[in-house]
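Letter by letter, the chains look like this.
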Amino acid sequence: ATKIKLPEGVEVPEFITNLTGLTTEDLNTNGKDIAEVISEVQNLIDNETLVVAHNANFDLGFLYEHFGIAPAHFMCTRTISILTEPDKNASLKNVYARMFGEKEQTHRAGNDVEMTLDVFNRFIEEHGNDCMMFFKNKLVNMPDRELVYTPYNARVLDFTEKYDRKQTEVKQ
C-alpha cells in the first residue's frame, strides 16, 4: 500500500495512530508526494472501471475530494450487505466474519481492500453477476450512519426515516 506524505503542519491524530498504527513520522518519512499518487490513481480509474468499496460514500468522497476522481461505476459491499442481510451488522469486520470467520481488521488500506474483495467475490458467488447489477451505483442512507458524500451518479435508497404503514394507508 502506498503512503502519502502529510501536508505541512498536519499531524496524524492519536485516535488514528491507535486504530491504524500510522504515525506522522512514518507518513512523512516513507510517504510519496500527493501529486505523484494522484497521477498513479488516475491511471487506474477510467470510465469503464468498476470501483468496489465497503463504505463507498466515504471512499468515493475521499477520491473526489483529494484526487478529483469521480468514478462512473461503483458497487458498495456495505450497501449490498444492508439490503441482503438487513438484520445483521454491516461493518466490514462483521460481514467478513460471517462469510469467512474472524479476521483482525487493521484499518489499513491494503487489509481493508483484501477483505472487501473477498466479500465482493462471495456476494457474486451468492447472487450471480446479473443480480449484482442491481447494486451498481446504489448507496443506502441509514439513520445510524448518514451519507457524508453522494457521488453524482448514485441512486440513494434513503432509510433514515422509518416507514409508517399506518400513515400511508388509503382509506376506503
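Here the structure is a predicted model, which is why all the values come from computation and not from measurement.

Caption draft 1: Spatial organisation of helix 6 (residues 92-100). All of the buried residues along helix 6 are Leu-92, Val-95, Tyr-96, Ala-97 and Met-99. Contacts made by the buried residues of helix 6 are with helix 5 (77-84) and helix 7 (109-132). Backbone geometry just downstream of helix 6 places Gly-101 in the positive-phi region, at approximately 100°.

Caption draft 2: Fine view of the packing of aromatic side chains. One pass over the structure, following the stated rule, counts four aromatic pairs. Aromatic pair Tyr-64 and Tyr-149: ring centres 5.8 Å apart, planes at 25°, arrangement stacked. Of this pair, Tyr-64 sits in helix 4 (residues 56-67) while Tyr-149 sits in the loop between strand 3 (138-141) and strand 4 (155-158), and the two are 85 residues apart along the sequence. Geometrically, the ring pair formed by Phe-134 and Phe-135 is edge-to-face, given 5.2 Å between the ring centres and 85° between the ring planes. For Phe-134, a relative accessible area of 44% puts it in the partly exposed group. A relative accessible area of 6% means that Phe-135 is categorised as buried. Positioned above the aromatic ring of Phe-134 is the side chain of Lys-138, whose terminal nitrogen or guanidinium carbon lies 4.1 Å from the ring centre.

Caption draft 3: Representation of the nonpolar core in the model. One finds Val-41, Ala-56 and Leu-63 to be the most contacted residues of the largest nonpolar core, which totals 14 residues. Those elements giving two or more residues to this core turn out to be helix 3 (34-44), strand 1 (50-53), helix 4 and strand 2 (73-76). Aside from chain neighbours lying at most four places away, what touches Leu-63 is Val-41, Ile-45, Gly-68, Ile-69 and Pro-71. By size, the runner-up hydrophobic cluster in this structure holds 12 residues, among which are Ile-80, Tyr-96, Met-99 and Met-132.

Caption draft 4: Inspection of unusual backbone geometry at higher detail. With phi around 60°, Asn-137 is a residue other than glycine that occupies positive phi space. Mapped onto the fold, Asn-137 is located in the loop between helix 7 and strand 3.

Caption draft 5: Representation of the packing of helix 3 against helix 4. The N-to-C vectors of helix 3 and helix 4 enclose an angle of 125°; their axes lie 11 Å apart at closest approach. When the axes of helix 3 and helix 4 are compared, the pair comes out oblique. Note on packing geometry: the crossing formed by helix 3 with helix 4 is left-handed. Contacts from Ile-34, Val-37, Ile-38, Val-41 and Gln-42 of helix 3 reach helix 4 at Leu-63, His-66 and Phe-67. Split into classes, the residues belonging to the contact of helix 3 with helix 4 amount to six nonpolar, two polar and no charged.

Caption draft 6: Main features of the side chain of Thr-24. With respect to the helices and strands, the residue Thr-24 is situated in helix 2 (residues 24-30). A relative accessible area of 18% places Thr-24 in the buried class. For Thr-24, the residues in contact, after removing those within four places along its chain, are Leu-6, Val-10, Glu-11 and Val-12.

Conventions adopted
Residues numbered from 1 in each chain as written. Predicted model: local features only at pLDDT ≥ 70, side-chain atom pairs only at ≥ 80, totals over all residues. Heavy atoms only, no water. Buried < 20%, exposed > 50% of the residue type's maximum accessible area, 1.4 Å probe, protein only. Helix = DSSP H or I, 4+ residues; strand = E, 2+ residues; numbered from the N terminus. Contact = heavy atoms within 4.5 Å. Phe/Tyr/Trp six-rings, centres within 6.5 Å; stacked < 30°, edge-to-face > 60°. Lys NZ or Arg CZ within 6 Å of the ring centre and 35° of its normal. Core = buried A, V, L, I, M, F, W, Y, C linked by side-chain atoms within 4.5 Å. Axes fitted to C-alpha atoms, helices over the stretch in contact; angles between N-to-C directions. Parallel < 35°, antiparallel > 145°, perpendicular 65-115°, else oblique. Left-handed = near helix turned anticlockwise from the far one by under 90°. Nonpolar A, V, L, I, M, F, W, Y, C, P; charged D, E, K, R; others polar.

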